[in-house]
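# Examination of the molecular architecture
Residue-level listing of the chains:
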Amino acid sequence: MRLTATLAAILAAASLAAPHAAQAQAAKGAAEYILDYDAIHHPVMGRKGMVVSQNEVASQVGADILRQGGNAVDAAVATGLALAVTLPRAGNLGGGGFMLVHLAKEKRTLAVDYYGQAPAATDAALLAGANGKMDPAKRYSHRAVAVPGTVKGLYEVHRQYGKLPWKKLVEPAVKLATDGLILTDDMTYALDVYRDGLLADAPSAKALYKAGGATYAPGERLKQPDLAWSLRQIRDGGADAFYRGELGRRVVAGVQAGGGVLTQEDLAGYQIRISEPLWCDYRGTPVAYMPPPAAGVLLCELMNIVERYPMAEYGQNSVQSLHVTAEAMKLVFADRAKFMGGWPQHQPPVGGLSSKAYAAERAKLIDLGKAMDQKVSPGDPLLFESRDTTHYSVADAEGNVVSNTFTLGSSFGAHVMAAGTGFFLNDAMANFAWGGDEPANAPEPGKRVISTITPLIAFKDDKPWLVAGTPGGTRIIPAMAQLLSNVVDHKLNVAEATQRPRIFQAASDTPVEFEPGFPIDMLKLMEAKGHETRTSLTMGSTQSIMIENGVFEGGADSRRPDAAAVPVD
């Protein structure tokens, strides 16, 4: 129990004026709620479950499903479909993702890959420009659309592990799209920022803007009738509606009319993958990660390197801890460039990259007194990956949890919709290496796209303890590493661990990037160790749940304004 000295002093002072019985009750209540008055940020507490996502409305939808007797899988499905309505830049029907599921009764953890896959007609010229490299104009077009996996992923996970009827889980999203969504400042801001690109696509303009192209204002209601139609198709027909039915035919027709190569056969042949997670441990805490083509193996490697150093002794966000973290990131990103590629044509050496012995060898390259001299160029194909992927975490009272990250690739994906569907299509094909520089990640028919996504579930006493993930492109890996270190090394509560500022370092001669929140003195101290530094935008948006002593603690990341943790009591 984290009953701090400060709180104990408050209770002692209260005893001067309160009867003994009242004092005992106050202490009992304080211990029960695990309050920590030394903390600046406090998690949301729940007793019967928790949903944490980037959008409060979607979190409420998932929590309502738990209240109606659904399990964590049911709530995850409903939350994901609601995000397709409330967060169109990242929540989706036309994208893909990676999900970790822990089933309490079976004492089993699953890794679910429902990420984008290259259509059968993919060739090296699909997105290439005159110079052989990727043409940005082709990227933001129907040509960049990979086979979407979201609907299949959510449907199959529910079919195998859900509890409530499928239609009950889709209906809240149908209602949101039909009745309309009251727009927040964050959503209208995103629509305004991407306005020119989205208005260039007629279905997108019709779906999300007023007649004439004007942007909706905060507080106005946005109805999405085409999206409601698509959701009703999925509600009534399941995944077949998307992969074999009229909805899928609309998607294919729209993609092909725009010059893309997606076919009905590509949709019908798409399959999710359910496998064992990649298991690693950090200072004795077992962690389940997503295997390739997700980036769990790289996060495991990063934690294995950091584990070689006494981070708790250094202190949270001290210059020495930041130095070690930045140097370890350089090593991991260099390995990423060399070893990672699209699945199944390319299989990285997972056993070696995730081994403690390999981490020990890599750690020998770190000098605690100064930054590395060598200039390492990762040739990183994903530096352009969107920061507007989204993650959500779900936990129920029976001990089941879901950690799910899904994406359209870029913000608003390929910036295109198929007419009559109301949802954005992904630009996942842009994540391949166009131009022949990196054979492991070259585009090939049927190849799963490489990703930096890495949701996780950490365990204590064989039960889920931390459920977390984040968007952020290449910044996903270090953001997750810093969250893990914050809770394991520095014993921060999940809200504190979430809100502390982060750094990012790639394997190149680029500077260490510092989020807002670091004092300028810290940048100068890092420069004294030989680092180049610069301030940066926020990194990631970790939506996490910590489960301790039977209490669900939700940590919603305020880096995304509409994020919310919703408890079930």
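All figures in this text were calculated on a predicted structure; none of them were measured in a lab.

By the definition in use, this model includes one disulfide. Sulfur-sulfur distance for the disulfide between Cys-280 and Cys-300 comes to 2.1 Å. Residues Cys-280 and Cys-300 share a disulfide whose torsion about the S-S bond is about -105°; that sign makes it left-handed. Pair noted here: Cys-280 is in strand S8 (residues 278-282) and Cys-300 is in helix H15 (residues 296-306), with a separation of 20 residues, a long-range link.

Right, let's get into the nonpolar core. Core analysis: the largest hydrophobic core is formed by 93 residues, its most contacted members being Tyr-289, Leu-456, Leu-466 and Phe-514. With nine residues, the top contributor of residues to this core is helix H17 (residues 319-339). Residues in contact with Leu-456, not counting those within four places in the same chain, are Leu-100, Val-287, Ala-288, Tyr-289, Leu-299, Ser-403, Leu-466, Val-467, Ala-468, Met-480 and Leu-484.

Moving on: the UniProt feature "binding site: L-glutamate" (unreviewed entry) in the protein chain. Listed under "binding site: L-glutamate" (unreviewed entry) in the UniProt record, and renumbered for this structure, are Ser-451, Thr-452 and Gly-473. Judged by maximum C-alpha separation, these annotated positions cover 23 residues in sequence but sit close together in space, the widest gap being only 8.2 Å. As for its placement among the helices and strands, Gly-473 is situated in the loop between strand S13 (463-468) and helix H20 (476-488).

What the rule picks out here adds up to 30 salt bridges. In this structure, Arg-139 engages Asp-427 in a salt bridge whose closest nitrogen and oxygen atoms are separated by 3.0 Å. Taken together, the residues span a long stretch of sequence, with Arg-139 in helix H5 (residues 136-139) and Asp-427 in the loop between strand S11 (401-407) and strand S12 (456-460) at a distance of 288 residues. By relative accessible area, Asp-427 is classed as buried at 1%. Here Asp-557 makes a salt bridge to Arg-502, at a shortest N to O gap of 3.2 Å. Note that Asp-557 is positioned in the loop between strand S18 (551-555) and strand S19 (564-567) and Arg-502 in the loop between helix H21 (494-499) and strand S14 (503-504), a separation of 55 residues in sequence. Owing to a relative accessible area of 2%, Arg-502 belongs among the buried residues under this scheme.

The strand order across the open sheet formed by seven strands is S7-S4-S3-S11-S10-S2-S19, and the pairing between neighbours is antiparallel. The strands lining the two open edges of the sheet, one partner per strand, are strand S7 (273-275) and S19. Within this sheet the neighbouring strands show an average axis-to-axis angle of 10°, counted without direction. Direction of pairing for strand S3 (residues 96-103) relative to strand S4 (residues 108-114): antiparallel, over a ladder of seven bridges. If you follow His-102 over to S4, its bridge partner there is Thr-109.

Turning next to empty space enclosed by the protein. Taken as a whole and judged by the stated rule, the model has four cavities of 30 Å³ or more. The space that makes up the largest cavity amounts to roughly 140 Å³. If you trace the largest cavity, you find 13 residues lining it, with Met-311, Thr-325, Gln-482, Ser-485 and Asn-486 closest to the centre. For the lining of the largest cavity, the secondary-structure elements that each account for two or more residues are H15, H17 and H20. Ranked by the residues each element gives to the lining of the largest cavity, the list is headed by H20, at four residues.

Criteria and cut-off values
Residues numbered from 1 in each chain as written. Predicted model: local features only at pLDDT ≥ 70, side-chain atom pairs only at ≥ 80, totals over all residues. Heavy atoms only, no water. Disulfide = S-S within 2.5 Å. Helix = DSSP H or I, 4+ residues; strand = E, 2+ residues; numbered from the N terminus. Core = buried A, V, L, I, M, F, W, Y, C linked by side-chain atoms within 4.5 Å. Buried < 20%, exposed > 50% of the residue type's maximum accessible area, 1.4 Å probe, protein only. Contact = heavy atoms within 4.5 Å. UniProt positions renumbered as here; feature names shortened; annotations may be inferred. Salt bridge = Lys/Arg side-chain N within 4 Å of Asp/Glu carboxyl O. Pairing = 2+ DSSP bridges. Axes fitted to C-alpha atoms, helices over the stretch in contact; angles between N-to-C directions. 1 Å grid on protein atoms, 1.4 Å probe; cavity = no way out; pocket = protein on both sides within 12 Å on 5 of 7 lines; lining within 4 Å. Points joined across faces, edges and corners; volume = space filled by probe spheres on them.

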